Amino acid sequence: MAATPLELRPLGNTGLKLSCVGFGASPLGNVFGLVSESDAIASVRKAFSLGINFFDTSPYYGGTLSEKMLGKALKALGAPRNEYIVSTKCGRYAEGFDFSAERVTRSIDESLERLQLDYVDILQCHDIEFGSLDQIVTETIPALLKLKEAGKVKFIGITGLPLGIFSYILDRVPPGTVDVILSYCHYGINDSTLEDLLPYLKSKGVGIISASPLAMGLLTESGPPEWHPASPELKAACQDAAAFCKEKGKNISKLALQYSLLNKDISTILVGMNSVKQVDENVATAVELATFGKDEKALSEIEEILKPVKNQTWPSGIQQS
Ligand code: NAD
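Residues numbered from 1 in each chain as written. Predicted model: local features only at pLDDT ≥ 70, side-chain atom pairs only at ≥ 80, totals over all residues. Heavy atoms only, no water.

Going by what an unreviewed UniProt entry lists, the protein chain is known as Oxidoreductase superfamily protein and is assigned to Perilla frutescens var. hirtella.

This is the structure we're talking about:
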């Protein structure tokens with residue numbers, strides 16, 4: 001059970017309560033550099049012991065490696081299944097995209113085997129802007145509803161970068177069909193455009209997960225990975241902000257996470273973590289924020305540095321709806 005009072009927040013109409021910091025398991029697929037099995041297991045154990053109850057993965061991360069590692073780590077916890085919430089995804093694979101009913105139906109069985117679970121709490125269509133949004137409405141979501149009926153999945157979600165995809169889908173399915181959306185890189189100190197969509201999402205009763213508060217490594221002292229899609233200008237501005245913080249004896253990642261955690265309409269902020277140290281730091285950030293409030297001065301100084309690139313994003317997918 002949790003040792004620290006990490007805040008739990010309701011996830012839309014699901015009845016689930018997610019820790020405000022969620023464990024993003026893409027790093028366990030070596031997406032941000034090599035992570036040993038023992039570090040992966042120790043990170044998940046530490047996260048759970050500190051009150052993180054939400055773990056997110058995908059068959060795409062590390063070509064199924066993340067799911068396998070997370071499965072091993074969750075098993076090693078030996079905790080009752082109802083004490084942790086697991087989400088995985090379907091439709092995006094190392095081989096490419098396939099949102100067909102046949103593929104996503106097969107996908108969940110493969111994921112459950114790798115995760116060593118009987119069901120996942122949330123199954124999300126992964127990065128739908130790379131597929132046909134109409135196929136998601138007419139074929140993929142109906143297939144996921146069958147998986148829900150079969151008990152393999154408790155709730156259904158959609159993920160992707162361009163914010164327009166969410167209303168495109170939600171406006172075309174009956175209320176209550178899509179339980180959750182996962183947005184990434186749009187609720188952080190350099191890009192907070194998700195904010196405008198929050199009233200609409202709330203009106204639909206949809207649970208809101210926001211991922212990548214560190215902008216996939218842009219807001220870290222060590223900087224982003226090689227594959228990061230940001231423009232050189234955005235990378236440089238984030239690097240300047242990180243250097244500024246360091247000079248002031250502050251940590252850019254801590255401040256960035258503070259910023260994202262402040263909006264309580266968002267159920268959980270998913271951070272990718274690959275070490276016990278990062279888990280400790282991120283949980284401490286949430287607990288300190290709840291106890292002492294935000295570092296207002298430092299946050300506004302960083303916002304000022306990032307102003308020229310505020311809300312700058314990058315193209316993703318085959319359509320920008
Ligand atoms: P992120 O912004 O959480 O950054 C992760 C990077 O920051 C990693 O290199 C990690 O090691 C590092 N990090 C974490 N804590 C740190 C700390 N305290 N100090 C310094 N560095 C730290 O980006 P992310 O991992 O891409 O996003 C989080 C999770 O959200 C993913 O793991 C994944 O589960 C999910 N996600 C989903 C989608 C999607 O569905 N399309 C997209 C992006 C992310």
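The rest of the description comes next.
*Asks:* For this particular structure, what's the right way to read the site of the ligand?
*Replies:* Not every one of the 29 residues close to the ligand is listed here, only the nearest: S26, D56, D127, G272 and Q278. Here an oxygen atom of the ligand and a backbone polar atom of M216 are 3.0 Å apart. In the complex, 92% of the free accessible area of the ligand, which totals 830 Å², lies under the protein chains. Of the pockets mapped on this structure, the ligand occupies the largest pocket. Among the secondary structure elements, those contributing two or more residues to the shell around the ligand are β10 (180-184), β12 (268-272) and α9 (276-292). In terms of residue class, the shell around the ligand is built from 13 nonpolar, 12 polar and four charged. (Near = heavy atom within 4 Å. Polar contact = N/O pair within 3.5 Å; in protein donor to acceptor, adjacent residues only side chain to side chain. Areas by Shrake-Rupley, 256 points an atom, 1.4 Å probe, with all protein chains shown as cover. 1 Å grid on protein atoms, 1.4 Å probe; cavity = no way out; pocket = protein on both sides within 12 Å on 5 of 7 lines; lining within 4 Å. Sits in = over half its atoms within 2 Å of the grid points. Helix = DSSP H or I, 4+ residues; strand = E, 2+ residues; numbered from the N terminus. Nonpolar A, V, L, I, M, F, W, Y, C, P; charged D, E, K, R; others polar.)

*Asks:* Help me understand the sheet that holds strand β4 (residues 54-56), please; the structure alone is not making it clear to me.
*Replies:* In a beta sheet, neighbouring strands are held together by backbone hydrogen bonds and run either parallel or antiparallel to one another. An order of β3-β4-β5-β8-β9-β10-β11-β12 is seen for the eight strands of this closed barrel, with the pairing classed as parallel. Taken over all neighbouring pairs, the strand axes of this sheet differ in orientation by 30° on average, direction set aside. Of the pairings in the sheet, the one linking β10 to strand β11 (residues 207-211) comprises five bridges and is parallel in character. Residue pairing across strands places I181 opposite I208, the latter belonging to β11. Across the face of the sheet, helix α3 (residues 101-115) comes into contact with β5 (85-90), β8 (120-125) and β9 (153-160) while running at roughly 140° to β5. (Pairing = 2+ DSSP bridges. Axes fitted to C-alpha atoms, helices over the stretch in contact; angles between N-to-C directions. Contact = heavy atoms within 4.5 Å.)

*Asks:* Please clarify how the pairing of strand β3 (residues 21-24) should be interpreted in this entry.
*Replies:* Consecutive side chains of a regular strand alternate in pointing toward one face of the sheet and then the other. Residues V21 and F23 of β3 are buried on one face, and the alternating residues G22 and G24, pointing to the opposite face, are buried as well. Sheet analysis places β3 next to β12, joined by four bridges and oriented parallel. Considered in β12, the bridge of G24 is made with G272. Where β3 meets β4, two bridges bridge the pair, whose relative direction is parallel. (Buried < 20%, exposed > 50% of the residue type's maximum accessible area, 1.4 Å probe, protein only.)

*Asks:* So what exactly am I meant to see when it comes to helix α2 (residues 65-77) here?
*Replies:* Because an α-helix packs 3.6 residues into every turn, residues spaced three or four apart end up facing the same way. For α2, built from 13 residues, the straight-helix expectation of 18 Å at 1.5 Å per residue is met to within 8% by its first-to-last C-alpha distance of 19 Å. What α2 keeps buried is the set S66, E67, M69, L70, G71, A73, L74 and L77. Taken together, the buried residues of α2 touch α1 (37-49), β4, β5 and α3. Looking one or two places after α2, you find G78, whose phi comes out positive at around 65°. (Expected span 1.5 Å × (residues − 1).)

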